[in-house]
Amino acid sequence: MRRIAITLQKGGVGKTSVAVNLAAALAADQGLRTVLVDMDAQCNATAHMLGDDFSGPMLSDVLRGDIPLRDALVQCHHENLRVLPGAEDLVDFERGSDDPRRARTIMGVRDMLTAGIPTDTEVVIIDTPPGGGLWLQAALAASDGFLIVAWPDGFSASGILALLNTVDDVRAAFNPNLELDGLIINHVRHTAGHRGYTEVFSQIYEDILLHPPLPVRSVISDARDAAMPVEFYERQFRTSSQAAELFRDIAGQLVRRTGIRTIRFAFAS
Ligand SMILES: Nc1ncnc2c1ncn2[C@@H]1O[C@H](COP(=O)(O)OP(=O)(O)OP(=O)(O)O)[C@@H](O)[C@H]1O
Ligand SMILES: [Mg+2]
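Residues numbered from 1 in each chain as written. Chains lettered and ligands numbered in written order. Predicted model: local features only at pLDDT ≥ 70, side-chain atom pairs only at ≥ 80, totals over all residues. Heavy atoms only, no water.

**Some words on the overall build of the protein chain**
So, point 1. Helix and strand content of the protein chain: 12 helices and seven strands.
So, point 2. Radius of gyration (C-alpha) of the protein chain: 17 Å, near the 18 Å computed for a compact globule of 269 residues.
So, point 3. Over its C-alpha atoms, taken along the principal directions, the protein chain stretches across nearly 50 × 45 × 40 Å.
So, point 4. By residue count, 54% of the 269 residues in the protein chain fall in the buried class.
So, point 5. Excluding contacts between residues fewer than 6 apart, the proportion of contacts in the protein chain whose partners are at least 24 apart in sequence is 79%.
So, point 6. Total accessible area on the protein chain is roughly 11,800 Å²; 49% of this is exposed by carbon and sulfur atoms.
So, point 7. Placing the 25 positive and 34 negative side-chain charges of the protein chain at their respective mean positions leaves the two points 3 Å apart. (Helix = DSSP H or I, 4+ residues; strand = E, 2+ residues; numbered from the N terminus. Rg over C-alpha atoms; globule rule 2.2 N^0.38 Å. Buried < 20%, exposed > 50% of the residue type's maximum accessible area, 1.4 Å probe, protein only. Contact = heavy atoms within 4.5 Å. Areas by Shrake-Rupley, 256 points an atom, 1.4 Å probe, with all protein chains shown as cover. Lys, Arg positive; Asp, Glu negative; His and termini not counted. Charge placed at Lys NZ, Arg CZ, Asp CG, Glu CD.)

**Quick word on the site of ligand 1**
So, point 1. With respect to spatial proximity, 17 residues lie near ligand 1, and among them Gly 12, Lys 15, Thr 16, Ser 17 and Asn 186 are the closest.
So, point 2. At 2.9 Å from an oxygen atom of ligand 1 is found a main-chain nitrogen or oxygen belonging to Gly 12.
So, point 3. Ser 17 is positioned such that a nitrogen or oxygen atom in its side chain is 2.6 Å from an oxygen atom of ligand 1.
So, point 4. When isolated, ligand 1 has an accessible area of 630 Å², and the protein chains bury 82% of it.
So, point 5. When residues of the shell around ligand 1 are traced back to their parent elements, those giving at least two are α1 (15-28) and α9 (218-225).
So, point 6. Here the shell around ligand 1 takes three residues from α1, the largest share from any one element.
So, point 7. Here the residues of the shell around ligand 1 sort into five nonpolar, nine polar and three charged. (Near = heavy atom within 4 Å. Polar contact = N/O pair within 3.5 Å; in protein donor to acceptor, adjacent residues only side chain to side chain. Nonpolar A, V, L, I, M, F, W, Y, C, P; charged D, E, K, R; others polar.)

**A look at unusual backbone geometry**
What you tend to see is this: most non-glycine residues have negative phi, and most peptide bonds are trans.
So, point 1. His 211 connects to Pro 212 through a cis peptide bond whose omega is -5°.
So, point 2. Relative to the elements of secondary structure, Pro 212 occurs in the loop between α8 (192-204) and α9.
So, point 3. One non-glycine residue with positive phi stands out, namely His 187, at about 65°.
So, point 4. For His 187, the position within the fold is in the loop between β7 (179-185) and α8.
So, point 5. Unlike most non-glycine residues, Ala 227 shows phi in positive territory, near 55°.
So, point 6. When you line up the elements, Ala 227 lands in the loop between α9 and α10 (230-236).
So, point 7. Overall, the relative accessible area of 16% leaves Ala 227 in the buried class.

**A few points about the side chain of Glu 231**
So, point 1. With respect to the secondary-structure elements, Glu 231 resides in helix α10.
So, point 2. Owing to a relative accessible area of 6%, Glu 231 belongs among the buried residues under this scheme.
So, point 3. Of the polar contacts made by the side chain of Glu 231, one reaches the side chain of Arg 235; its length is 2.8 Å.
So, point 4. Side-chain polar atoms of Glu 231 contact the side chain of Arg 248, separated by 3.2 Å.

**Description of a nonpolar patch on the surface**
So, point 1. Where nonpolar side chains cluster on the molecular surface, the patch consists of Tyr 197, Val 200 and Ile 204 and spans about 260 Å² of accessible area.
So, point 2. Looking at the element boundaries, Tyr 197 is found in helix α8. (Patch = residues over 30% accessible without salt bridge, like charges linked within 9 Å, V, L, I, M, F, W, Y side chains within 5 Å. Salt bridge = Lys/Arg side-chain N within 4 Å of Asp/Glu carboxyl O.)

**As for the packing of α1 against helix α11 (residues 243-258)**
So, point 1. Relative orientation of the contacting elements α1 and α11 amounts to 75°, with a least axis distance of 9 Å. Accordingly, the angle class assigned to the pair α1 and α11 is roughly perpendicular. Of the residues in α11, those touching α1 at Ser 17, Val 18, Asn 21, Leu 22, Ala 25 and Leu 26 are Phe 247, Arg 248, Ile 250, Ala 251, Leu 254 and Val 255. (Axes fitted to C-alpha atoms, helices over the stretch in contact; angles between N-to-C directions. Parallel < 35°, antiparallel > 145°, perpendicular 65-115°, else oblique.)

**Notes on the pattern of salt bridges**
So, point 1. Taken as a whole and judged by the stated rule, the model has 10 salt bridges.
So, point 2. Arg 2 serves as the salt-bridge partner of Glu 179, at 2.7 Å between the closest nitrogen and oxygen. Placement of Glu 179 in strand β7 and of Arg 2 in strand β1 (residues 2-7) is noted, with a sequence separation of 177 residues between them.
So, point 3. Glu 179 sits in the partly exposed class, given a relative accessible area of 42%.
So, point 4. Residue Arg 2 is classed as buried on the basis of its relative accessible area of 10%.
So, point 5. One salt bridge connects Arg 3 with Asp 144, and the closest N-O pair in it is separated by 3.5 Å. With Arg 3 in strand β1 and Asp 144 in the loop between α6 (134-141) and β6 (145-150), the pair connects residues that are 141 residues apart, well separated along the chain.
So, point 6. Residue Arg 3 is classed as buried on the basis of its relative accessible area, which comes to 12%.
So, point 7. Each of the salt bridges in this network shares a partner with another, and the network as a whole consists of Arg 2, Glu 179 and Asp 181.

Take a look at the structure:
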C-alpha cells in the first residue's frame, strides 16, 4: 500500500481536483483498490465524490475512536474506489492546541492511516488543506510520498518552497522516509507568463514532473458540480474534453514511478 498526500500550502491551485480525479483514474483505469481520504475541514473532496448533502460517519469520528475506519469508508462511482469523508470539526483539533497535543494528534492520524486502512488497499490518496497547519503536517506524517500541485506562476513557485520547508520539519519530527512522488502543473493557460513558468518548472523539477501539464478545462469544474470525477462524468454525459485521459496518463506515470504495481505483483507471487 502506498499513501500519497496531495499538497501545496497555497490555496485554490487544484489539490482537491487532482486528488479526486487521480483517485478515480487509479481505481478505474489502473485497477487499483483506492481510498481517498479527505483531510480538509472544507470537505471539498467529500462533496466532489459524494455530493454536498452527504451525511454519515467521518474522519473526526474515527479519530475520536467512535467508529473503526473501515466502517466510515464510503464506496462510490467504482468498485475499487472508497472515500473517508472529511469533517468540518477537524478545526476543533487545532484550537488552543499546544505542541505536545499537536504531536499526539499527528501521531494519532499516522497510526490511524497505518493500522486502520483495510489491508487489501493498494493506494491511499490524501487531500490536504491550504496553509501549513496541523492537517497538512498530519497528512505528511502519515504518508509514504507527497505530490505537489502548482499553477505555473510566481505564487506557486514560492508556495513550493514554503511546502518543502514544512516537509523538512515533518521529516525531522515524524517521518524521515517521506518521499517526493511528483509535481503536477495545473490550470495552464495560453499566456506568455504561464508558458514561461511551465518551462521553468519543467527544467527545475525535470526529474519529478508528471506529464502532461493540465490545461484549464471547464469539464473539471462541471464534473465537480455534478459530484463526479471527470472519468465517470465524461462517460455518463458522453462528452470528451480529454481531461479524463490526462488524469489517466498522470496516474499511469505515478504508478510506474512509485512501484505501486510492483508491490502488488510481489505480494501476489
Ligand atoms: N485544470 C482546471 N481547469 C478548470 N478548472 C479547474 C482546474 N483545476 C481546478 N479547477 C477549479 O478550480 C477551483 C479550485 O480547485 P480546487 O478546489 O481543486 O483547489 P484546491 O487547491 O483544492 O483549493 P483549496 O486550497 O481551497 O483546498 C475549483 O472550482 C476547480 O473546479
Ligand atoms: Mg482543496
